Amino acid sequence: MAISLKVNGTVRTIDVPPEMPLLWALRDELDLKGTKYGCGVSRCGACTVHVNGVATRSCQTPVSRAQGADITTIEGLSPDGLHAVQKAWKELDVPQCGYCQAGQIMAAAALLSKTPKPTDAEIDTAMNTNLCRCATYLRIKAAIHRAADIKASAPMTGTGGANKPGSPDPR
Amino acid sequence: MTTQTESQVTRRDFLRVSALVGGGLMLASYADPLEAVERIGALNAAADPTLNAYVRITPDGIVTIIAQNPEIGQGIKTMLPMLIAEELDADWATVRVEQGDLDSTKFRGQSAGGSTATPTHYMPMRRVGAAARAMLVGAAAKQWNVPASELETDKGVVHHRASKRSATYGSLATAAATMPAPDLATIPLKDPKQFKLIGTKQKTYDLKGIITGKPMFGIDVTVPGMKYASFVKCPVYGGKVKTANVEAIKAMPGITHAFVVPGGTALTGLLGGVAIVGNNWWLVQQARKKLIVTWDEGATASQSSAGFAAKAAELSILPPQRSLRKDGDPDAALANAAKVVKAAYVYPFISHAPLEPQNCTAHFKDGVCEMWSTSQTPEGGRGLVASTLGIKPEQVIVHMVRAGGGFGRRLSNDYMAEAAWIAKETGVPVKLLWSREDDMQHDFYRPGGFHYFTGGVDANGKVVAFKDHFVSFGEGERFASSADLGATEFPARYVPNLAFESSVMPLGVPTGALRAPRSNALSFAFHGFIDELAVAAGKDPLQFRIDLLNSEMPAPPPAPAPAGAPPRGPQPVGFDSARMRGVLEQVRDVSGWGKTALPKGTGMGVAFYFSHRGYFAEVVQATVSKAGVLKVDKVWAVGDVGSEIINPNHAEQQVQGAVIDGLSQALAQEVTFAGGAAEQANFNTYQLLRMRQAPPVEVHWRKTEFAPTGIGEPALPPVIPALVNAIYAATGKRVRQIPLSKVDLRWT
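Keep in mind that what you see is a predicted model, and the values were worked out from it rather than measured. The numbers attached to residues start from 1 for each chain and follow its sequence in the written order. Each chain takes a letter, starting from A, and each ligand takes a number, starting from 1, following the order in which they are written. This being a predicted model, a pLDDT of at least 70 is required before a residue's local features are given, and a value of 80 or more before pairs of side-chain atoms are given or counted; all residues contribute to the totals for chains, interfaces and linings. Only heavy atoms go into the side-chain values, all of them from the structure, while hydrogens and water stay out.

## Details of the interface of chain A and chain B
Put simply, the rule is: Whether two residues are in contact is decided by their heavy atoms: any pair within 4.5 Å suffices. Here's the idea: put two parts together, see how much 1.4 Å probe accessible area each one loses, and the total over both is what we call buried area. In what follows, salt bridge is the name for a side-chain nitrogen of Lys or Arg lying within 4 Å of a carboxyl oxygen of Asp or Glu. We call two N or O atoms a polar contact when they sit within 3.5 Å, provided that within protein one can donate a hydrogen and the other can accept it, with sequence-adjacent residues counted only if both atoms are side-chain atoms. Here a strand is any run of E in DSSP of at least two residues, a helix any run of H or I of at least four, and the numbering for each starts at the N terminus. When residues are sorted by character, Ala, Val, Leu, Ile, Met, Phe, Trp, Tyr, Cys and Pro go into the nonpolar class, Asp, Glu, Lys and Arg into the charged class, and all the rest, Gly among them, into the polar class.
Facing the 58 residues of chain A at the interface are 65 residues of chain B. Together, the buried faces of chain A and chain B total about 5,200 Å²; carbon and sulfur atoms form 58% of this surface. If you look at where chain A meets chain B, you find four salt bridges. Measuring nitrogen to oxygen at the nearest pair gives 2.8 Å for the salt bridge that ties A:Arg139 to B:Glu652. Joining chain A to chain B, the criterion identifies 32 residue pairs in polar contact (both at pLDDT 80 or more). Among the elements of the structure, helix H1 (22-29), helix H3 (74-77), helix H4 (84-91), helix H5 (101-114), helix H6 (120-127) and helix H7 (137-153) of chain A are those that each provide at least two residues to the side of chain A that touches chain B. Tallied by class, residues from the side of chain A that touches chain B come to 27 nonpolar, twelve polar and 19 charged.

Next up, the structure:
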């Protein structure tokens, strides 16, 4: 059936069964490959996206339930990588293999939008369901603190200081 | 100084220099064609020479360096080009890095495993960079009519200070392409004191792509007209399809193909199963739910973890089947020892569980199978695909794609054989993607094992006897993959009376290398038991280890190499007790070992381990509540991997990652078998360590005069025994079984 999804500000219509998880609609129908499949049972967090600003496991969200909602994926957080969380991730070079990192970044961005200055314990609670098999946890935690500082020093409207132009980056 | 890296110089490679269309320089290093013919059958004469060259410099000054090895998160795509850029004196900030494809005519050692990339490529990559630099300098010398020796290079520019002339590499590249190619064997290299890039913290080359969600992993590969595939195998390894309702599956929405694959008998190759192909992977999974298969499960359907444990207990009281090493007279020494300690150590099968499940995209067209693979051994994958399809290796093209973790799982190429078969059968481009359940239930597991130790110390606390009866898996004199024990395992050569003995039972479960293979398991058993001997000796556990390292016996004469054996990778190097003492003493100092009074329930444990040419000593501080809840407070790791830490940024990541990976194994990882099949299928029943459990990991380096070696693995093994030794220090409870989730840690 025809399903309309508003993803990263653009409404697109796809013809899929209503029970298809949002993850597979994003990846295989809308060609947004940044959101990752890790477990399919909401146990790893690699598929985390924002649905109306809330960190959501797209592998367990039928597209029928995502209709009409504002969906943000890693590709829409800031295409230039200028969201405070992405800036901090870059500064600390968080990833190793990088596979879980879209989910980690989306979870961290949702945490900071609710809790601008999280404690270590609050980070542990918010991020504990996002697995990193390479175990980049120490840098993830440090980068969330750093992102909180970046946000605090340059408050912006919108989804988290994403739109400040930065210097062009060769990489 | 002769090092294992220097001994690699004998590679018969030569450089090929070409002008680029439109101007510029291209430099490729070719393996000796004869050897390439030996290895892959023939040279691909039609190969595009602009692909897979190591260095390209275009007139606009852009320097492009090819990264030749599989990137699985270890940072190799950043590190190998750094080695070239260092000697080239390129401006690293503007260097472009491209992933190379599999090309055995130009590259060697295109694999990710065994922490071998650094020792294998440290010198050859630098030579390529030095050769390119020499040609650019030569071009400038010719242009300015000055001796090359008067020229300097920095950040992509050649300078002649005396005449205040400068020229960019871009402006020289076309002329440089006409210069003779230097001899790689004699090209001078920088004195390490002159390094500008090696030894500096550099970020992941692909960082921006990763944090903005670019499609860069195997699972993201898209080919025009591509279909999606699932391959359903028998839960019992090697089982075959008797019947399957493939006609009904074919009729389901979105499904284009469904068919039975007969498969072979080797667990490392293509096994029997049912392929389902469709327009969308999720639709394929829906069809899969309706699949009805009757399996011929084969002879191993009765295997179980309970059966393995019962058989091990039975074997442990029988005379060992084999002797692996015997020094002195262990039984006599035990009879005369002041104290004798006996203990049994058990560790489980575990799964690699890389977060990106196995996948491979393949397109079989006009007799050629083109593949996009995350394999850690793409050359092995090509060979397996060729033999599976009955084609020649040069009819298989392998594009190397970034992997979402490897940990040794992608050393096996079963998913490549499956993708290739399905692509050939359907004639369309196919992306095969395993479900998480497929991935966890069809792994090449780290095998479990059982060690029955006996040790003796004399009245002075010196270890006089050490025996291990290792009960493992295999047949006759052959151990299952990664289920072996080497005759050089420590404390061999450090205890005068020592015996390593083994007994094996048959195994119908595929096993294989997992990050620090063998070592990740043996470290726990051996260095947990060594801690028990320290207690029996009444000595400080860290000083006891230093004393043990000081009791080295003379080395036996080296075994002659088999006649005609080809050199393959870096030579194994012996264990150097002085290097290990160095890291042990340093970890004592940085951790404050023995300097802090810790409350009951908190303790420090130590262990060291030598693997993959790397020396690591680690201290764990852990706290156990009276209710038995464990918290790892902190880990200190000291490593000696030689004279240079090429990229300290990624080196720190690898050590922290390996340490936490080891803790994760110790805490809760276990795969059990029943009815011949794995009982765990996903992260709900197979628990990986999560953020809340991750302790701070302080990383220190001890730089020594030796050639640089790898760091993907050697930091892992010592943390597991260091943890269980810390638990003993905290509680008095000796842990002889992992995972800890099965161990009662309560104390009063």
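From this point, the discussion proceeds with the structure in view.
## Section: the pattern of salt bridges
Residue and element names in this part refer to chain B. Quick reminder of the rule: The classification of residues rests on relative accessible area computed with a 1.4 Å probe and restricted to protein chains. Under 20% of the type maximum is buried, over 50% is exposed, and intermediate values are partly exposed.
Inspection of the entire model under this criterion finds 47 salt bridges over all chains. Across the pair Arg734 and Asp531 runs a salt bridge whose closest N-O atoms are separated by 3.1 Å. Linking Arg734 in the segment after helix H17 (719-731) with Asp531 in helix H13 (residues 519-537), this pair joins segments that are 203 residues apart in sequence. The class of Arg734 is buried, set by a relative accessible area of 14%. Salt-bridge contacts for Asp589 lead to Arg588; the nearest nitrogen and oxygen are separated by 3.3 Å. Judged by relative accessible area, Asp589 falls into the exposed class, the value being 52%. For Arg588, a relative accessible area of 26% corresponds to the partly exposed category.

## Digging into the nonpolar core
Operational definition: Note on terminology: a nonpolar core comprises buried Ala, Val, Leu, Ile, Met, Phe, Trp, Tyr and Cys residues joined through side-chain atoms within 4.5 Å.
Of all hydrophobic cores here, the largest spans 185 residues; its most connected members are A:Leu5, A:Trp89, B:Phe466 and B:Leu723. Apart from the residues within four sequence positions on either side, A:Leu5 is in contact with A:Thr10, A:Val11, A:Arg12, A:Ile14, A:Leu22, A:Ala25, A:Leu30, A:Val63, A:Ala66, A:Gln67 and A:Ile71. One finds B:Val137, B:Tyr169, B:Ala173 and B:Ile646 within the second-largest nonpolar core, a separate group that totals 55 residues.

## Focus: the sheet that holds strand E8 (residues 165-168) of chain B
Paired through backbone hydrogen bonds, the strands of a sheet run either parallel or antiparallel to each other. Residues and elements named next belong to chain B. Quick reminder of the rule: Strand pairing requires that DSSP identify at least two bridges connecting the strands. An axis is simply a line fitted to the C-alpha atoms; with a helix, the fit covers only the stretch in contact. Between two such axes, the angle follows the N-to-C directions and lies from 0 to 180 degrees.
Strand order across the open sheet formed by three strands is E6-E7-E8, with antiparallel pairing between neighbours. Of all strands in the sheet, those bounded by a partner on one side alone are strand E6 (152-154) and E8. Adjacent strand axes in the sheet meet at a mean angle of 25°, parallel and antiparallel pairs treated alike. Of the strand pairs in this sheet, strand E7 (residues 157-160) and E8 are connected by four bridges, and their pairing is antiparallel. Looking at E8, one finds that Val157 is bridged to Thr168. Of the strands in this sheet, E6, E7 and E8 touch helix H4 (residues 169-176), which is tilted by about 75° from E8.

As far as function goes, none of this settles anything; it's purely spatial.
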